[in-house]
Amino acid sequence: MAQPLTYLKESPSQTAGPYVHIGLAPGDAGFDIYAQELGRDIAGPNAEGTPITVTGTVTDGTGAPIKDVLIEVWQANAAGVYPGAGEVEPGFRGWGRVVPDFDTGQFRFDTVKPGPVMGRNGRLMAPHLNLWLVARGINVGLSTRMYFGDEEAANAADPVLSLIEQAHRRQTLVAGAEGNHYHFDICLQGDAETVFFDV
Amino acid sequence: MTPAEIYQRDRQWHPPTYAPDYKTSVARSPRNALLSLQGSMSELTGPTFGQDDIDPLDNDLIRNYAQSGDPIGERIIVHGRVLDENARPVPNTLVEIWQANAGGRYRHKKDSYLAPIDPNFGGCGRTLTDADGHYVFRTVKPGAYPWRNWVNNWRPAHIHVSVFGTAFAQRLITQMYFEGDPLIAKCPIVQTIPDQRAIDQLVAALDLNATVPLDAIAYKFDIVLRGTRSTYFENRPEGN
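Attention here is on the structure that accompanies the text.

Basis of the calculations
Residues numbered from 1 in each chain as written. Chains lettered and ligands numbered in written order. Predicted model: local features only at pLDDT ≥ 70, side-chain atom pairs only at ≥ 80, totals over all residues. Heavy atoms only, no water. Phe/Tyr/Trp six-rings, centres within 6.5 Å; stacked < 30°, edge-to-face > 60°. Helix = DSSP H or I, 4+ residues; strand = E, 2+ residues; numbered from the N terminus. Buried < 20%, exposed > 50% of the residue type's maximum accessible area, 1.4 Å probe, protein only. Lys NZ or Arg CZ within 6 Å of the ring centre and 35° of its normal. Salt bridge = Lys/Arg side-chain N within 4 Å of Asp/Glu carboxyl O. Polar contact = N/O pair within 3.5 Å; in protein donor to acceptor, adjacent residues only side chain to side chain. Contact = heavy atoms within 4.5 Å.

**Re the packing of aromatic side chains**
Point 1. Following the criterion strictly, the structure yields 14 aromatic pairs over all chains and no others.
Point 2. Look at Phe-31 of chain A and Tyr-65 of chain B: their rings are 5.6 Å apart centre to centre, the planes differ by 80°, and that puts the pair in the edge-to-face class. In this pair, Phe-31 of chain A sits in the loop between helix H2 (26–29) and strand S1 (51–59) while Tyr-65 of chain B sits in the loop between helix H2 (41–44) and strand S2 (75–84), so the two residues belong to two different chains. Tyr-65 of chain B shares its class with Phe-31 of chain A; the two are buried.
Point 3. Aromatic pair Phe-107 of chain A and Phe-109 of chain A: ring centres 6.2 Å apart, planes at 20°, arrangement stacked. With respect to burial, Phe-107 of chain A and Phe-109 of chain A carry one shared label: buried.
Point 4. Three or more aromatic residues joined by ring pairs make a cluster, and in this case those are Tyr-19 of chain A together with Tyr-106 and Tyr-145 of chain B.
Point 5. Its end group placed over the ring of Trp-13 of chain B, Lys-9 of chain A keeps NZ or CZ at 5.1 Å from the ring centre.

Next comes the structure, spelled out in structure tokens:
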């Protein structure tokens, strides 16, 4: 026997369930309770950089839209700075919550395009949004990233995209670009299954 | 400067993504292996919140939606600490909860269970931990309710809990159960967790010392987030 280690164990995850909106976005559950709901404005009123709109759908293994998903976004500002790690514009939270339309499953949110962020070992990461998905049937929140289709050179040099062994799967993390509108579908299973991370 | 790294998540302590007894997970679980990613700024930073973001009443579910009186149900206090795996408190972090009312009905436009909505109960609350990582909520004990999985499944009484920590990679949503509830052992969602010790970690203990006599009974529920790594030696740069 050796000396016991005294670390605690992380609390195990449980699904957020179908009624996650009550807790995290009560307006979407159908009632107003808080003076201000958190996560409704990712970039705030003073954000510099390019305003963008992101749309998409999260689909399950049968191809059906997941209408009860809740997505959290975490991003740097246009200068590539995360709140808490440096100076950002007043009101720039860099974080928000996205709830799709309950009828169609399509989501849409507005923010600003983030700048590149320094990664590990001095390798610059291409602009990206960090996404975290929870829903009924998802036992542990799923982490992924959305990269930008109009950043081909930066994406080609990105240290995280290049970790993906099957080159064709890298495209599952790249949003289609049309001006300042980006479209990003997330597939939990199937030929186009999105790459998810163990972060 | 890169913020501190965190311990890797013990995936064998958590439920697997694919847990066929919880049927909804079958079509909602990725089939490819997760790609392991060492932490960068994107994972090791995270959003922060302050007292300006919330109201003092937000942690009192008995009062925060009351219209004409108190909600029906067993009055309870849920309190505990948010700690990391090093047993250090996590201060000033946002804790959000949501739950069904005493009859097992959620205030949600998609819930059609026949138990009634309580006009005085919203079912959500939020608070920030104090400097020692403590949090407290006052609410009513949620009821058990049936759900569609097998023909006859019942959720044990539970409160959903969402916690942030300091790094986005610590983000966690889980559920709190109540000591002594016989439905815990019967629930396919609880039983997605492979290790009984991990299940026990989600069961709040009856805490008579924290009750308010003649008013509210108490349960204690500590939440543990992934720990921060102490860096005694720098990593050798990759490729060298």
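After that view of the structure, there is still more to cover.
**Here's the deal with the pattern of salt bridges**
Point 1. Under the defined criterion, the tally for this structure stands at 25 salt bridges over all chains.
Point 2. Here Glu-72 of chain A and Arg-171 of chain B are joined by a salt bridge, their closest N and O atoms 2.6 Å apart. A residue pair is termed interchain when its members come from two chains, as with Glu-72 of chain A in strand S2 (residues 70–74) and Arg-171 of chain B in the loop between strand S8 (158–163) and strand S9 (172–178). When sorted by exposure, Glu-72 of chain A lands in the same class as Arg-171 of chain B, which is buried.
Point 3. Put simply, Arg-88 of chain B and Asp-84 of chain B hold a salt bridge, and the shortest N to O gap is 4.0 Å.
Point 4. Each of Glu-72 and Arg-97 of chain A together with Glu-96 and Arg-171 of chain B takes part in salt bridges that share partners, so that together they form one network.

**Section: the side chain of Arg-145 of chain A**
Point 1. Looking at where Arg-145 of chain A falls in the secondary structure, it is placed in strand S8 (residues 142–148).
Point 2. There is a polar contact of 2.9 Å between the side chain of Arg-145 of chain A and the side chain of Tyr-147 of chain A.
Point 3. Side chain to side chain, Arg-145 of chain A and Ser-40 of chain B meet in a polar contact 3.4 Å long.
Point 4. Those residues in contact with Arg-145 of chain A, other than ones at most four positions away along the chain, are Met-125, His-128, Leu-129, Asn-130, Val-160, Leu-173, Phe-184 and Phe-197 of chain A together with Leu-37, Ser-40, Ser-42 and Glu-43 of chain B.

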